Amino acid sequence: CPRLALPRRAGVELLFFGYVRPYKGLGILLRAMRKLKGNDVYLSIVGEFWDGLDEARAFVGEEELKEMVEIVPRYVTAEEAAAYFSRCDVVVLPYVSATGSGVLTLAYHYGKPVIASRVGGLPDVVVDGVTGVLIGPGASDELAQAIQRIGRGEVQFSRTAIAEMKRQLSWDGLAAKVLGSQERADFS
């Protein structure tokens, strides 16, 4: 079957993906986008909304962001998801709180760096300046600055490090880590 390809719309393509829940910080990202008017940046918000869809659409309209933000408020197929991840340059995870993130694992699966908040376990799997950029929780100014730095080429991500993180976060990688921990415990 033919692979779905989505056209690029900007120099920096951002992706906010998955179930949209209040703790995932979409409002923080939208406030950052407001600060990025005039930059060569485009954001795709792709996923089912828990709530807040009307508010997100209203913000995009009121702030005149329709030329740089698209909202796809639905579940997407695996083929569509692959197309969105393939097109993007960076996956954005501006979480207010989190333990972990399945979207982060997906980003690494597709070889994409992330911008993530320093909350929960995210800093444990994002190497700042290597596999992504870490920002403070709720920091829309810091998020906008990180996106600008990426757009100017000031941050160079390591595809090798992203691939290694993908391997570590796979089921085989996690099993090896658990078994390695068990072996060390047996010799303690």
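Predicted model only: the values in this text are computed from it and were never measured.

Q: Sorry, what's going on with the packing of aromatic side chains here?
A: A complete count under the given rule lists 3 aromatic pairs for this structure. Centroid distance tyrosine 23 to tyrosine 95: 5.8 Å. Interplanar angle 80 degrees. Geometry classified as edge-to-face. Of this pair, tyrosine 23 sits in the loop between strand S1 (12-17) and helix H1 (26-35) while tyrosine 95 sits in the loop between strand S4 (90-93) and helix H4 (102-109), and the two are 72 residues apart along the sequence. The class of tyrosine 23 is partly exposed, set by a relative accessible area of 37%. Ring centres of phenylalanine 85 and tyrosine 110 lie 4.9 Å apart, and the angle between their planes is 15 degrees; on these two criteria the pair is classed as stacked. Remark: tyrosine 110 occurs in the loop between H4 and strand S5 (114-117) and phenylalanine 85 occurs in helix H3 (residues 78-87); sequence separation between them is 25 residues. Given a relative accessible area of 28%, tyrosine 110 falls into the partly exposed group.

Q: Sorry, what's going on with the nonpolar core here?
A: Counting 61 residues, the largest nonpolar core has Met33, Val69 and Ile115 as the members making the most contacts within it. In terms of residue count, H1 provides more of this core than any other element does, 6 residues in total.

Q: What am I meant to see in the pairing of strand S2 (residues 41-46) here?
A: Every other side chain in a regular strand lies on the same face of the sheet, so the side chains alternate between the two faces. Among the 6 residues that make up S2, 6 are buried, leaving the element largely enclosed by the rest of the structure. Neither face of S2 is left uncovered, since the one carrying Val41, Leu43 and Ile45 and the one carrying Tyr42, Ser44 and Val46 both have all their residues buried. Here 6 bridges tie S1 to S2, and the two strands are oriented parallel to one another. Following the sheet pairing, leucine 14 is matched in S2 by leucine 43. Each parallel crossover has a hand, and the one from S1 via H1 to S2 is right-handed.

Q: Explain unusual backbone geometry to me, please; I cannot follow it from the model alone.
A: Glycine aside, a negative phi is what most residues show, and trans is what most peptide bonds show. Residues other than glycine seldom take positive phi values, yet glutamate 64 does so here, at roughly 55 degrees. Turning to its location among the elements, glutamate 64 is positioned in the loop between helix H2 (53-62) and strand S3 (69-72). Given a relative accessible area of 65%, glutamate 64 falls into the exposed group.

Q: So what exactly am I meant to see when it comes to H3 here?
A: Of all 10 residues in H3, 7 are buried; the element is thus mostly enclosed. Restricting attention to buried positions, one finds in H3 the residues Glu80, Ala81, Ala82, Ala83, Tyr84, Phe85 and Arg87. The elements touched by buried residues of H3 are S1, S2, S3, S4 and H4.

Q: I'm lost on the sheet that holds S3 in this one. Help?
A: Strand pairing in a sheet relies on backbone hydrogen bonds, with the paired strands running either antiparallel or parallel. Strand order in the open sheet made by the 6 strands is S3-S2-S1-S4-S5-S6, with parallel pairing throughout. This sheet does not close on itself; its edge strands, each paired only once, are S3 and strand S6 (132-135). Shown here is a sheet whose adjacent strand axes are inclined to one another by a mean of 20 degrees, direction ignored. Relative to S3, S2 runs parallel, the two sharing 4 bridges. Bridging across to S3, valine 46 finds its partner in valine 72. Where H3 meets the sheet, it contacts S1, S2, S3 and S4, and its direction lies at approximately 140 degrees from that of S1. Where helix H6 (residues 140-151) meets the sheet, it contacts S1, S2, S4, S5 and S6, and its direction lies at approximately 160 degrees from that of S6.

Criteria and thresholds
Residues numbered from 1 in each chain as written. Predicted model: local features only at pLDDT ≥ 70, side-chain atom pairs only at ≥ 80, totals over all residues. Heavy atoms only, no water. Phe/Tyr/Trp six-rings, centres within 6.5 Å; stacked < 30°, edge-to-face > 60°. Helix = DSSP H or I, 4+ residues; strand = E, 2+ residues; numbered from the N terminus. Buried < 20%, exposed > 50% of the residue type's maximum accessible area, 1.4 Å probe, protein only. Core = buried A, V, L, I, M, F, W, Y, C linked by side-chain atoms within 4.5 Å. Pairing = 2+ DSSP bridges. Right-handed = clockwise from strand over helix to strand, strands pointing away. Contact = heavy atoms within 4.5 Å. Axes fitted to C-alpha atoms, helices over the stretch in contact; angles between N-to-C directions.

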